[in-house]
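The primary structure of each chain is shown beneath.
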Amino acid sequence: MKKLILVLLLPFCFYQAFSQARHETFQMILKDDWKMQSAVTDAASADKISNLDFDTQGWYKVSVPTTLIGGLLANKVYDFDPFMGRNLLKLKDAKLDKPWWFRREFALPVSESGKNVVLRLHGINYKANVWLNGVKIADSTQVQGTFRIIQLDVTSHINYKGNNVLALEIVRPFNPNKEKGDLAIDYADWIPYPPDYNGGIVNNVEIKTYDKVGVQYPLVTTHFDLPSLSVAHLTVDAQVTNYTNTAQEAVIKGRINADVSFEQRVHLLPKESKNVTFTPEEFSQLNIRNPRIWWPWQYGKPELNRVELWAVVGGEVSNKLWEKFGIRQMDSRMIDNKSREFIVNGKPILIRGAAWSPDIFQRRSEERQEQEVKLVRDMNMNIIRSEGKMEDDHFYDLCDQYGMLVMTGWMCCGVWQHPEKWDAGERKVAMASDSSVMYWLRNKASLLVWLNGSDMPPTDTTVESDYLKIEKALKWPNPILATANEGKSKVSGYSGVKMAGPYEWVPPIYWETDSTRKFGGTWSFATEISPGPSIPPYESLIKFIPADSLSTTSPAWLFHCGTGSFGSTKVFDKALTGRYGASTSIKNYVAKAQAQNYEAHRAMMEAYGLKKYQTATGVVQWMLSNPWPGTIWHTYDYYLYPAGTYFGMKKSMEPLHIMYSYKSNEVAVINSYLKKFTGLVAKATVYNIDGSEAFRKSVPVDIDADASKVAYKLPAIGEMPKLSSTYLVRLQLTDSKGISQSINWYWLSQKQEVLNWKKSNWYTTPESAYADYTALQQIPKTALELSHTEASAGADSISHTITITNKGKSVAFFVHLRVLKGKGGDDILPVIFSDNYISLAPGEIRIIKCTYKKKDAQNTSPYFLTSAWNLDRAKSTANEQAGFEDGLPVN
């Protein structure tokens, strides 16, 4: 009896998990209690495996979604960490190239007896034979395609009383990274490939029931009478299906926010599916006055509304669903042939964000997803790009809730990039994949744009044409681009975006000095771009680089770079030595790398902000994170440690921000809000390396909404007598009440960076001369005083207010705060610091907020560890819960 009650309650547990964003009358997500095994290890026949009396002893217990290796890791099959050193190579196993079984028993509640039953497969990677209760209900010609949603009517094979057995015989994808192969997940040059190529199930498997007629895939499209937002004209669409063998008359009813109702009759032939549309012209109640509008976070609240739809047959409700949606209108326009501007609810928006990457083994958790989206939001980014890596509903729900825009589309480089080589079967998979993704994502509030290609438009023009036909038919409501690069499609014209690099180290001055408009400078919308390596902190490096391999030339280090042209950090390392001096140890190298990461990434985002709408319309950092622990292309590392890159990014995208132009020597203000500010004061102070002032100036500034403005120009180097060879500039922006809104420090050199533009290639522009920051290692030491208070930040979080005072006469350079799990413990991660890697003028006091989840502290008392490049540890003071360490260790 207890087992029966558990079976009956199980689907309702999943209802609750999804209740925040969507709900259906019946939706059984088959998540836990799967069994997985290699068909080589267990060679039993399919009809036996898919019967109730089959013995799965010795099979692996897994939860879905999971890949083959993900499942084996969850079962602790390996006696080594695949992330350490080159251990990933040890995972290679010939059995991964053969079929694997995924088996799940389930029972339907009594309430669903006699209804039409549909098996919904989403994310089969790559193809499968499907068996239910001893019967093969679909083969691998029908079930293939990682991004497809495949729905199988299993009514005639279901056992309404007792258990059912679902068995999937899955074969992994082959050669997705080649011109000829399977249309699956491809990592291009990001990482070494996992040997199972993510074979398995990478999204949900569900059982759904309908009483004759079902409704699904709701879409609410918004049209405003721009610039007015006082009335939202809503169009509601949905797919309606007759699951019976006889014609049906149904009434499709709908409701928005429980107070706007609408309905219409529909006649359905046997097994027919059709779209049902409710227009504001036909249903005047869909002209919503004073609507609750969804905005990207920097422009307003990301308000979500609710649409509810149900089918009524013979006076009985067949099925009902509801989900949240955003009242918003996404548009774009071309400034010129090279620059596309995106517009949300009639307001242009400068796009600044980074490219998402899933775990190398496609392991997902809702907690981890929210942790990462919070980090994106904390960096003040407004978009996440996802290239050929569709996530799950929870990810998009988070973006909807946090007001985070999403750019997504098909992958580059491998099979997806070469449709001219597809056969008829591959083309069928591609078109079915496109249709599935359109249905799935079209009602997500956060979706800004869809890309039908990445590094180039589809090379077969008929493929792009067919994509566009599908997208039009399914009413995709947002802009569509042929490519993420600057190419011109023969079908749809110029993209208005670019992929002109760099992907490798370039100095801060690069971004404003690309005068040819050929490369990565501040023009157009750079859909993927980066100053290259992003070296993790030492505390992270030792988790994946063996102690005897902590060298930038060791095989283990190189294995954790990218691949191809990005298989080392040598360009970055050469610049680091040339600019900051030779490193004396790995810790010394890492400390200097944080400074170089900070200045390079900050400058990129600032330059695009400064030139916003002056043909610069957006920039996406390549990348946000790594699929596994790596040394390039991330803003925070795999362990969620926010270091130099992260805080350079966060600083640069402050919504109200003061900055320095490396090109023009000017001080400027960037406003990313939709409101004007008056009475601001922009202040600059120039410090010599010994802490003495070389220059000071304050100027009042007013700035329009969503604008950038130059405040004034700093004196030329020759106009500041006795200026040290390396000097520091402190910028501060205060509001009309004198409250500080932005503090931004720069370290500059009298020796200028020189770029060799003639030797530029697709991924970098080399330097022929470096700035000289070696004097930063000789800043006179200074003492810090640190105190902190603690307060609750909600039921599950703790917040600290940390006060740091520079007690000396020189600038405290690159002060880094860490919070540990007790003295000598590991860092508490993830953690949100309001600012970090800061500098303090002589006598300056800064207040920093620190927030983290209680559980991440693991029942320890927090210990704050602080460093600076020129810290006088002996004279620095703090209470017993805080201490100091060298910020630029020699050894």
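Right above here is the structure, for reference.
### A look at the overall build of the protein
And step 1. Regarding its fold elements, the protein presents twelve helices and 52 strands.
And step 2. Since a compact globule built from 891 residues should have a radius of gyration of about 29 Å, the 29 Å found for the protein is in line with a globular shape.
And step 3. Seen through its C-alpha atoms, the protein measures out along the principal axes to roughly 90 × 65 × 55 Å.
And step 4. The burial tally for the protein puts 64% of its 891 residues in the buried class.
And step 5. Long-range contacts, defined here as pairs at least 24 residues apart, represent 71% of the contacts in the protein between residues at least 6 apart.
And step 6. For the protein, the accessible surface area stands at approximately 32500 Å², while carbon and sulfur atoms represent 50% of it.
And step 7. Of the side chains in the protein, 101 bear a positive and 94 a negative charge, and the two mean positions are spaced by 2 Å.

### Some words on helix 5 (residues 393-402)
Given 3.6 residues to a turn, an α-helix orients residues that are three or four positions apart in the same direction.
And step 1. When you tally the buried positions in helix 5, you get nine out of ten residues, the bulk of the element.
And step 2. Among the residues making up helix 5, those that are buried are Asp393, His394, Phe395, Tyr396, Asp397, Leu398, Cys399, Asp400 and Tyr402.
And step 3. Among the residues trailing helix 5, Gly403 stands out with phi positive, at a value near 70 degrees.

### Description of unusual backbone geometry
And step 1. Tyr126 follows Asn125 through a cis peptide bond whose omega is 20 degrees.
And step 2. Residue Pro227 follows Leu226 across a cis peptide bond; omega there is 10 degrees.
And step 3. Looking at the element boundaries, Pro227 is found in the loop between strand 15 (213-224) and strand 16 (231-242).
And step 4. Of note, Asn345 is a non-glycine position whose phi angle comes to about 55 degrees, a positive value.

### So, the packing of aromatic side chains
And step 1. Under the definition given, this model contains 56 aromatic pairs.
And step 2. Ring geometry for Tyr217 versus Tyr439: centroids 4.5 Å apart, planes at 20 degrees, classification stacked. On the criterion of sequence distance, the pair formed by Tyr217 in strand 15 and Tyr439 in helix 6 (residues 424-441) is long-range, its members being 222 residues apart.
And step 3. Ring pairing ties together the aromatic residues Tyr580, Tyr598, Tyr646, Phe647, Trp747, Tyr773, Phe813, Phe814, Tyr837 and Trp869, which thus form one cluster.

### Observations concerning the packing of helix 10 (residues 570-580) against helix 11 (residues 586-610)
And step 1. Packing of helix 10 against helix 11 leaves a shortest axis separation of 10 Å and a crossing angle of 95 degrees. When the interaxial angle is binned, helix 10 and helix 11 end up roughly perpendicular. Residues Phe572, Asp573, Ala575, Leu576, Arg579 and Tyr580 of helix 10 pack against Tyr589, Lys592, Ala593, Ala595, Gln596, Asn597 and Glu599 of helix 11.
And step 2. A per-class count over the contact of helix 10 with helix 11 returns seven nonpolar, two polar and four charged.

### Notes on helix 11
And step 1. Given a rise of 1.5 Å per residue, 25 residues ought to cover 36 Å, and the 36 Å separating the end C-alpha atoms of helix 11 matches this to within 8%.
And step 2. The buried count for helix 11 comes to 24 of 25 residues, which makes it a mostly enclosed element.

### Quick notes on the state of the cysteines
And step 1. Per the stated rule, a full pass over the model turns up one disulfide.
And step 2. Two residues share a disulfide in this structure: Cys412 and Cys413, whose sulfurs sit 2.0 Å from each other. Disulfide Cys412-Cys413: the torsion about the S-S bond is -80 degrees, which places it as left-handed.
And step 3. Cysteine Cys561 remains unbridged, with the sulfur of Cys413 as its closest cysteine sulfur at 18 Å.
And step 4. Judged by relative accessible area, Cys561 falls into the buried class, the value being 1%.

### Considerations on the sheet that holds strand 12 (residues 163-171)
And step 1. Reading across the sheet, the six strands line up as 4-3-6-12-9-10 and stay open at both edges, with antiparallel pairing between neighbours. If you trace the sheet from one side to the other, it starts and ends with strand 4 (60-62) and strand 10 (135-138), each paired once. Averaged over all adjacent pairs, the angle separating strand axes in this sheet is 30 degrees, with direction ignored.
And step 2. In the sheet, strand 3 (residues 34-38) pairs with strand 6 (residues 100-107) via four bridges, with the strands oriented antiparallel. Residue pairing for strand 6: Ser38 is matched across the bridge by Trp100.

### Observations concerning the side chain of Glu372
And step 1. With respect to the element layout, Glu372 can be found in helix 4 (residues 366-378).
And step 2. Look at Glu372 and you get buried, because its relative accessible area is 5%.
And step 3. A distance of 2.5 Å separates polar atoms of two side chains, one belonging to Glu372 and the other to Tyr636.
And step 4. Residues in contact with Glu372, not counting those within four places in the same chain, are Trp356, Ser625, Tyr636 and Leu640.

### Considering the sheet that holds strand 35 (residues 656-660)
And step 1. If you trace the three strands from one edge of the open sheet to the other, you get 35-36-39, paired in antiparallel fashion. Two strands close off the open sheet at either side, each with one partner strand: strand 35 and strand 39 (707-713). Strand-to-strand twist of the sheet, defined as the mean angle between neighbouring strand axes without regard to direction, takes the value 20 degrees.
And step 2. Sheet topology places strand 35 next to strand 36 (residues 666-671); five bridges connect them, and they run antiparallel. From the neighbouring strand, His657 faces strand 36, where its bridge partner is Ile670.
And step 3. Set on the sheet, helix 11 makes contact with strand 35, strand 36 and strand 39; between it and strand 35 the angle comes to about 105 degrees.

### Quick notes on the environment of Ser446
And step 1. Note on placement: Ser446 falls in the loop between helix 6 and strand 29 (447-451).
And step 2. C-alpha separation for the pair Ser446 and Asp704, spaced 258 residues apart in sequence, amounts to 26 Å.
And step 3. Of the polar contacts made by the side chain of Ser446, one reaches the side chain of Asp400; its length is 2.8 Å.

### Let's talk about the side chain of Ser446
And step 1. With a relative accessible area of 0%, Ser446 lands in the buried category.
And step 2. With near-sequence residues (within four places) excluded, Ser446 lies in contact with Trp294, Tyr396, Cys399, Asp400, Met404, Leu405 and Val406.

### A few points about empty space enclosed by the protein
And step 1. Enumeration according to the criterion identifies eleven cavities of 30 Å³ or more in this entry.
And step 2. What the largest cavity holds in volume is close to 310 Å³.
And step 3. As for the largest cavity, its lining consists of 21 residues, and the residues nearest its centre are Arg22, Glu24, Arg120, Tyr217 and Glu323.
And step 4. Mapped by element, the contributors of at least two residues to the lining of the largest cavity are strand 1 (22-24), strand 2 (27-29), strand 14 (205-210), strand 15, strand 22 (316-325) and helix 6.
And step 5. Residue composition of the lining of the largest cavity, by class: eight nonpolar, five polar and eight charged.
And step 6. Of the pockets and cavities examined, the second largest cavity occupies roughly 110 Å³.
And step 7. In terms of lining, the second largest cavity is formed by 15 residues, of which the most central are Phe147, Val202, Arg364, Met390 and Glu391.
And step 8. Looking at the lining of the second largest cavity residue by residue, the classes come out as six nonpolar, six polar and three charged.

### Some details on the pairing of strand 21 (residues 305-313)
On any regular strand, side chains alternate: one points to one face of the sheet, the next to the other face.
And step 1. Among the nine residues in strand 21, eight count as buried, and that is most of the element.
And step 2. Pairing between strand 17 (residues 248-256) and strand 21: seven bridges, direction antiparallel. Considered in strand 21, the bridge of Gly254 is made with Leu309.
And step 3. What sits between strand 21 and strand 22 in their antiparallel hairpin is a turn of two residues, with Gly314 showing a positive phi close to 60 degrees.

Rules used throughout
- Residues numbered from 1 in each chain as written.
- Predicted model: local features only at pLDDT ≥ 70, side-chain atom pairs only at ≥ 80, totals over all residues.
- Heavy atoms only, no water.
- Helix = DSSP H or I, 4+ residues; strand = E, 2+ residues; numbered from the N terminus.
- Rg over C-alpha atoms; globule rule 2.2 N^0.38 Å.
- Buried < 20%, exposed > 50% of the residue type's maximum accessible area, 1.4 Å probe, protein only.
- Contact = heavy atoms within 4.5 Å.
- Areas by Shrake-Rupley, 256 points an atom, 1.4 Å probe, with all protein chains shown as cover.
- Lys, Arg positive; Asp, Glu negative; His and termini not counted.
- Charge placed at Lys NZ, Arg CZ, Asp CG, Glu CD.
- Phe/Tyr/Trp six-rings, centres within 6.5 Å; stacked < 30°, edge-to-face > 60°.
- Axes fitted to C-alpha atoms, helices over the stretch in contact; angles between N-to-C directions.
- Parallel < 35°, antiparallel > 145°, perpendicular 65-115°, else oblique.
- Nonpolar A, V, L, I, M, F, W, Y, C, P; charged D, E, K, R; others polar.
- Expected span 1.5 Å × (residues − 1).
- Disulfide = S-S within 2.5 Å.
- Pairing = 2+ DSSP bridges.
- Polar contact = N/O pair within 3.5 Å; in protein donor to acceptor, adjacent residues only side chain to side chain.
- 1 Å grid on protein atoms, 1.4 Å probe; cavity = no way out; pocket = protein on both sides within 12 Å on 5 of 7 lines; lining within 4 Å.
- Points joined across faces, edges and corners; volume = space filled by probe spheres on them.

Just geometry here; none of it tells us what the structure is for.
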